[in-house]
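Secondary and tertiary structure notes
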Amino acid sequence: MKYDLSKIKEELFDLLDINFMGIEWNQIYLQGKEKGIDPIEPTKGRMWKEIDEEELLWDVNLFDFPYINSILDERKLCRTRIMKTKPKSCYLWHKDPRKRLHIPITTNEHCFLLLEHDGRMHLPATGESYIVDTTQYHTQVNASREERIHIVGKSN
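In this text the structure is predicted, and so the values were computed from the model without any measurement.

1. So, the overall build of the protein
The secondary structure content of the protein amounts to three helices and eleven strands. Beginning at the N terminus, the succession of helices and strands in the protein can be written as α-β-β-α-β-α-β-β-β-β-β-β-β-β. By the compact-globule yardstick of 15 Å for 156 residues, the protein fits well, its C-alpha radius of gyration being 15 Å. Considering only C-alpha atoms, the protein reaches an extent of 40 × 35 × 35 Å along its principal axes. Out of the 156 residues in the protein, the part that is buried amounts to 48%. Contacts in the protein between residues far apart in sequence, at least 24 positions, make up 74% of those at least 6 positions apart. Only carbon and sulfur atoms are counted for the fraction: they give 53% of the accessible area of the protein, which is about 8,400 Å². Across the protein, the centroid of the 23 positively charged side chains sits 4 Å from that of the 26 negatively charged ones.

Structure representation (structure tokens):
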């Protein structure tokens, strides 16, 4: 399915500021367990394993984003976040409890996923969504000089 990236970017304009709410962030939650949680640190003081186990409960849309929320609802996503990776960086080698849906917002050919079984995978920012099998060990690499920004949520 293809989405309108200009509408997504318009709704995310204030959040995509490098220092949203005065904080330099690498992820902002678009969904939580309840309204009013801190979208930057909703898991503060909790173990990731605990959050992974309850992620199906993280389906409350936190922002008034009509277009983005329609996508989250239509795709039945949960624990959806805007994930930003700085230039010249990567994530730890890990695996997730469920597959993830990615909607690349800002990326380039030097940003890619590296999956244990599926190898190197670049997801271009064309408005397409991609379901990635992140139940296998993987990492995300930004080997460029620009930020990489994706919307990522739990996929059925």
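2. Quick word on the packing of aromatic side chains
If you walk through the whole model with that rule in mind, you get three aromatic pairs. When the ring of Phe63 is compared with that of Phe65, the centres are 5.2 Å apart and the planes differ by 10°; the resulting orientation is stacked. A residue is classified by how much of its surface remains accessible, and Phe63, at 18% relative accessible area, is buried. Exposure remark for Phe65: the relative accessible area of 9% places this residue in the buried category. Directly above the ring of Phe112 sits Arg120, whose terminal nitrogen or CZ lies 4.1 Å from the centroid.

3. Points about the nonpolar core
Ranked by internal contacts, the top residues of the largest apolar core, which has 27 residues, are Ile8, Leu12, Leu15, Leu30, Ile82 and Ile103. Broken down by element, this core gets its largest block of residues, four residues, from helix H3 (residues 66-74). Setting aside its immediate chain neighbours within four residues, Ile82 contacts Leu12, Leu15, Leu16, Trp25, Asn26, Gln27, Ile28, Leu30, Ile149 and His150.

4. Some details on the environment of Leu5
Relative to the assigned elements, Leu5 resides in helix H1 (residues 5-12). A sequence separation of 122 residues divides Leu5 from Gly127, and the C-alpha atoms of the two residues are 5.5 Å apart. Other than its neighbours up to four places away in sequence, Leu5 contacts Ile103, Pro104, Ile105, Ala125, Thr126 and Gly127.

5. Examining the sheet that holds strand E1 (residues 27-29)
Pairing within the open sheet is antiparallel, and its five strands lie in the order E1-E4-E11-E6-E9. Whereas interior strands pair on both sides, the edge strands pair on one side only; in this sheet they are E1 and strand E9 (130-132). Each neighbouring strand pair of the sheet contributes to a mean axis angle of 30°, computed without reference to strand direction. Both strand E6 (residues 100-106) and strand E11 (residues 148-154) contribute to a ladder of six bridges, which runs antiparallel. Looking across to E11, one finds that His102 is bridged to Val152. In this fold H1 packs onto strand E4 (78-85), E6 and E11, with an angle of close to 85° to the strand it touches most, E6.

6. Here's the deal with H1
Because each turn of an α-helix spans 3.6 residues, side chains separated by three or four positions in sequence point in the same direction. Where H1 is concerned, the buried positions are Leu5, Ile8, Glu11 and Leu12. Viewed along the axis of H1, the buried residues span an arc of 130°, placing them on a single side of the element. In the core, the buried residues of H1 are packed alongside H3, E4, E6 and E11.

What counts and how
Residues numbered from 1 in each chain as written. Predicted model: local features only at pLDDT ≥ 70, side-chain atom pairs only at ≥ 80, totals over all residues. Heavy atoms only, no water. Helix = DSSP H or I, 4+ residues; strand = E, 2+ residues; numbered from the N terminus. Rg over C-alpha atoms; globule rule 2.2 N^0.38 Å. Buried < 20%, exposed > 50% of the residue type's maximum accessible area, 1.4 Å probe, protein only. Contact = heavy atoms within 4.5 Å. Areas by Shrake-Rupley, 256 points an atom, 1.4 Å probe, with all protein chains shown as cover. Lys, Arg positive; Asp, Glu negative; His and termini not counted. Charge placed at Lys NZ, Arg CZ, Asp CG, Glu CD. Phe/Tyr/Trp six-rings, centres within 6.5 Å; stacked < 30°, edge-to-face > 60°. Lys NZ or Arg CZ within 6 Å of the ring centre and 35° of its normal. Core = buried A, V, L, I, M, F, W, Y, C linked by side-chain atoms within 4.5 Å. Pairing = 2+ DSSP bridges. Axes fitted to C-alpha atoms, helices over the stretch in contact; angles between N-to-C directions. Arc of directions from axis to C-beta.

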